[in-house]
Structure formats: structure tokens, C-alpha cells
Amino acid sequence: MAAAGWYQSFPPNYNGEAMQVAVGDWLAEAGHRDIEGQITINRQRYLHVDVELNHWRPSTTAEGAELITWIRENRRMRSEEVHYLDSPPSACWCSSTRLASKRPELAHGAAKDGLDP
């Protein structure tokens with residue numbers, strides 16, 4: 001199991017760059033980890049998370065790795081919601097939390113930006 005979090009601002013019409021994900025055991029024969037892929041976050045009226053993950057295991061018949069399952073999901077998110085994306089035997093939880101702004105001009109006008117208050 002792996003967990004990650006970060007602070008990031010998402011200004012209006014933000015088009016994020018893909019964050020590369022690589023977790024699990026190193027599969028030497030294949031040259032990558034058990035789970036690899038990317039997560040992208042964009043902002044229109046809502047935050048949108050796009051998850052593309054592949055779950056691999058060592059191949060039993062040849063060199064390299066065998067694809068077990070994958071996740072290809074795009075979700076519209078609101079603050080404080082938790083989204084569970086699964087594709088047994090792997091899963092991904094996504095959530096976002098609005099942080100209080102230290103900039104006074106943003107603190108009172110947060111609802112005007114199109115995101116949930």
C-alpha cells in the first residue's frame with residue numbers, strides 16, 4: 001500500500017501535467033514497478049482527476065511482465081468528497097480539501113471562482 005498527498009493550487013481553467021506513479025516491488029525482468037501510470041488533475045468548474053494505472057506481475061511464460069489489470073477513470077470531484085477507483089487487485093482513493101487562503105482577496109471570494117465553497 002502507498003499513500004501520497006501534496007499542496008497545490010488550481011487556478012481557473014488549470015490544465016495539469018501528469019504526475020507519474022510507480023509503486024510496489026521492482027520487476028527486474030520488465031524494468032519497472034508492480035504499479036505504474038499517471039494521475040492528472042484539471043480544473044474547470046470542478047476539479048477533474050484522470051487516473052491511468054497499470055498493475056503488472058512477473059511473467060510466468062516469458063521474460064518481462066504480464067498485465068494483470070488496469071484503472072482508466074476520469075472523475076469530477078468536489079471538496080471533501082472521497083472517490084474510490086478500483087480494479088481488483090488494485091485501487092486508488094482520491095480526495096481534495098480546500099485550504100484557507102492567506103491572501104485576503106481570495107478568502108472572501110472563494111465561491112466566485114466556480115469551485116464549491
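Visitor: Which parts of the structure should I look at to understand the packing of aromatic side chains?
Guide: What characterises a pair of aromatic rings is the spacing of the ring centres plus the angle enclosed by the ring planes. One pass over the structure, following the stated rule, counts 1 aromatic pair. With centroids separated by 5.4 Å and ring planes inclined at 75°, the aromatic side chains of phenylalanine 10 and tyrosine 14 adopt a geometry described as edge-to-face.

Visitor: I'm lost on the nonpolar core in this one. Help?
Guide: Ile39, Val49, Val51, Leu53, Leu85, Cys92 and Cys94 are the most contacted members of the largest nonpolar core, which has 14 residues in total. Here this core gets 4 residues from one element, more than from any other, and that element is strand S3 (residues 47–58). Not counting residues within four places of it along the chain, the set of residues in contact with leucine 85 comprises Val51, Ile71, Glu73, Arg75, Ala91, Cys92 and Cys94.

Visitor: How should the pairing of strand S5 (residues 82–87) be read in this particular structure?
Guide: Sheet faces and side chains relate simply in a regular strand, where the side chains alternate between the two faces. Here S5 shows one buried face, formed by His83, Leu85 and Ser87, and one open face, formed by Val82, Tyr84 and Asp86. Relative to strand S6 (residues 90–95), S5 is paired through 6 bridges, and the arrangement is antiparallel. In the strand pairing of S6, aspartate 86 is matched with alanine 91. Linking two consecutive strands that pair antiparallel, namely S5 and S6, is a turn of 2 residues.

Visitor: Would you explain the side chain of histidine 32 in this entry?
Guide: Structurally, histidine 32 can be placed in strand S2 (residues 32–43). Residue histidine 32 is classed as buried on the basis of its relative accessible area, which comes to 14%. Other than its neighbours up to four places away in sequence, histidine 32 contacts Asp25, Trp26, Leu27, Trp56 and Ala65.

Visitor: What am I meant to see in the pattern of salt bridges here?
Guide: Summed over all chains, the structure comprises 2 salt bridges. Across the pair glutamate 66 and arginine 57 runs a salt bridge whose closest N-O atoms are separated by 3.4 Å.

Visitor: Teacher, can you tell me more about the sheet that holds strand S4 (residues 65–77) here?
Guide: As a general point, the strands of a sheet are linked pairwise by backbone hydrogen bonds and lie either parallel or antiparallel. Taken together, 4 strands build an open sheet; the order of strands is S1-S2-S3-S4 and the sheet is antiparallel. Looking at which strands have only one partner, the edges of the open sheet turn out to be strand S1 (19–27) and S4. In this sheet, adjacent strand axes meet at a mean angle of 10° when their direction is disregarded. As judged from the 12 bridges shared by S3 and S4, these two strands associate in the antiparallel manner. For glutamate 52, the partnering residue across the bridge sits in S4 and is arginine 72.

Visitor: Could you clarify how one ought to interpret unusual backbone geometry in this entry?
Guide: It is generally the case that most residues other than glycine have a negative phi and that most peptide bonds are trans. A positive phi angle, near 60°, is found at asparagine 13, a position not held by glycine. Turning to its location among the elements, asparagine 13 is positioned in the segment before S1. Under the relative-accessibility criterion, asparagine 13 is labelled exposed at 62%.

Visitor: Looking at this model, I keep getting lost on the environment of valine 49. Mind explaining?
Guide: Structurally, the position occupied by valine 49 is in strand S3. Given the relative accessible area of 4%, valine 49 is considered buried. Each C-alpha atom of the pair valine 49 and cysteine 94 lies 8.1 Å from the other, and the pair is 45 residues apart in sequence. Apart from residues no more than four positions distant in its own chain, valine 49 is found in contact with Ile39, Thr40, Ile41, Glu73, Asn74, Arg75, Met77 and Cys94.

Analysis parameters
Per chain, residues are indexed from 1 in the order of the written sequence. In view of the model being predicted, local features appear only for residues whose pLDDT reaches at least 70, and side-chain atom pairs are presented and counted only at 80 or more, with totals across whole chains, interfaces and linings using the full set of residues. Where side-chain values are given, they derive from all heavy atoms of the structure, hydrogens and water being excluded. Any two of the Phe, Tyr and Trp rings considered here, Trp counted by its six-membered ring, make a pair once their centres fall within 6.5 Å; the pair's planes then place it as stacked at under 30 degrees, edge-to-face at over 60, or tilted in between. Residue types Ala, Val, Leu, Ile, Met, Phe, Trp, Tyr and Cys, when buried and joined through side-chain atoms within 4.5 Å, form a set referred to as a nonpolar core. Here's how the labels work: a residue is buried when its accessible area is under 20% of the maximum for its type, exposed when over 50%, partly exposed in between, all with a 1.4 Å probe on protein chains only. Helix and strand labels come from DSSP, where a helix needs a run of H or I of at least four residues and a strand needs a run of E of at least two; each type is numbered from the N terminus. What makes two residues a contact is simply this: any of their non-hydrogen atoms within 4.5 Å. For two strands to be treated as a pair, DSSP must find no fewer than two bridges joining them. Between Lys or Arg on one side and Asp or Glu on the other, a salt bridge is scored when a side-chain nitrogen of the former is within 4 Å of a carboxyl oxygen of the latter. Axis definition: a line fitted to C-alpha atoms, limited for helices to the stretch in contact. Angles are taken between N-to-C directions and run from 0 to 180 degrees.

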